[in-house]
Amino acid sequence: YRDETCRLAKIHKYEEQKQVEYEILRTSIGHELNVNSPKQIAELLYRELQLPEQKERNAKGGITLKTDETTVDILKLNYVKDPVIINILDRIILIKKLHRILKFLNAIIYPDGYLRTRYNESGTTSGRSTTNMCDDYFYKPTSKGIKAEKYGWAFQTLPKHGFELSDGTTIGNDLREIFVPTKGFIFCDNDQKQAEAVVVARLANDDDLYDTIKNGD
């Protein structure tokens, strides 16, 4: 479950950092910018900064300008040499990561105080398991009606060692500190190290492969 004192302290820490970064960004570009608004990001990247348009086809068959974090990073690495613009793009990426961190810290917990996840035993093409939001919904009234939000969190979206930034620093590497084991239990970290390869070796009766895995070669 979550240590609420620790969680609130980290929310305060990252919220303060986000506000500072937003102010630096506002000063750099001369106006307010919501980094979670694709429309505003597209206007900045492709109209104000005149960067090459990165496009993708949307679900309706139309063309959409790409504004996600990966696209911003690709633009910076391949098309920008001006240090001022590099700083602007780095700031956008940083703020996007801070939003993600704060979203995690504000994830909806169950009434018993636990933050749960849903395991997908075949969540990837390689056969590895993944996690996702739980199927239970939390309903809350808003000015626009009733909003439904899922409980829990997809834990694989939370990097174990945080988010590495372009300057070599890391943020979010302290997020797991908010978790506290139930009394009488401890946390453990288990890496199966391609355990599915052992199954394949046995099913294929490949003794050489099995011995190689067993010996750690």
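Residues numbered from 1 in each chain as written. Predicted model: local features only at pLDDT ≥ 70, side-chain atom pairs only at ≥ 80, totals over all residues. Heavy atoms only, no water.

Draft legend 1. How the structure looks around the overall build of the protein. Assigned secondary structure in the protein consists of six helices and eight strands. Shown N-terminal to C-terminal, the secondary structure of the protein runs as helices and strands in the order α-α-β-β-α-α-β-β-β-β-β-β-α-α. Its C-alpha atoms give the protein a radius of gyration of 22 Å, more than 25% over the compact-globule value 17 Å for 217 residues. Projecting the C-alpha coordinates of the protein onto the three principal axes gives extents of approximately 65 × 45 × 40 Å. (Helix = DSSP H or I, 4+ residues; strand = E, 2+ residues; numbered from the N terminus. Rg over C-alpha atoms; globule rule 2.2 N^0.38 Å.)

Draft legend 2. Looking closely at the side chain of Asp 174. Mapped onto the fold, Asp 174 is located in the loop between β8 (170-171) and α5 (195-203). Looking at Asp 174, the relative accessible area reads 10%, which means it is buried. Within the structure, Asp 174 has its side chain in polar contact with the side chain of Lys 10 (distance 3.2 Å). Setting aside chain neighbours within four positions, we find Asp 174 in contact with Lys 10, Lys 13 and Tyr 14. (Buried < 20%, exposed > 50% of the residue type's maximum accessible area, 1.4 Å probe, protein only. Polar contact = N/O pair within 3.5 Å; in protein donor to acceptor, adjacent residues only side chain to side chain. Contact = heavy atoms within 4.5 Å.)

Draft legend 3. Summary view of the pattern of salt bridges. This model, assessed by the stated rule, comprises 17 salt bridges. Measuring nitrogen to oxygen at the nearest pair gives 4.0 Å for the salt bridge that ties Glu 32 to Arg 26. Under the relative-accessibility criterion, Glu 32 is labelled exposed at 62%. Here Asp 112 ties to Arg 116 by a salt bridge, and the two come within 2.7 Å at their closest N and O atoms. (Salt bridge = Lys/Arg side-chain N within 4 Å of Asp/Glu carboxyl O.)

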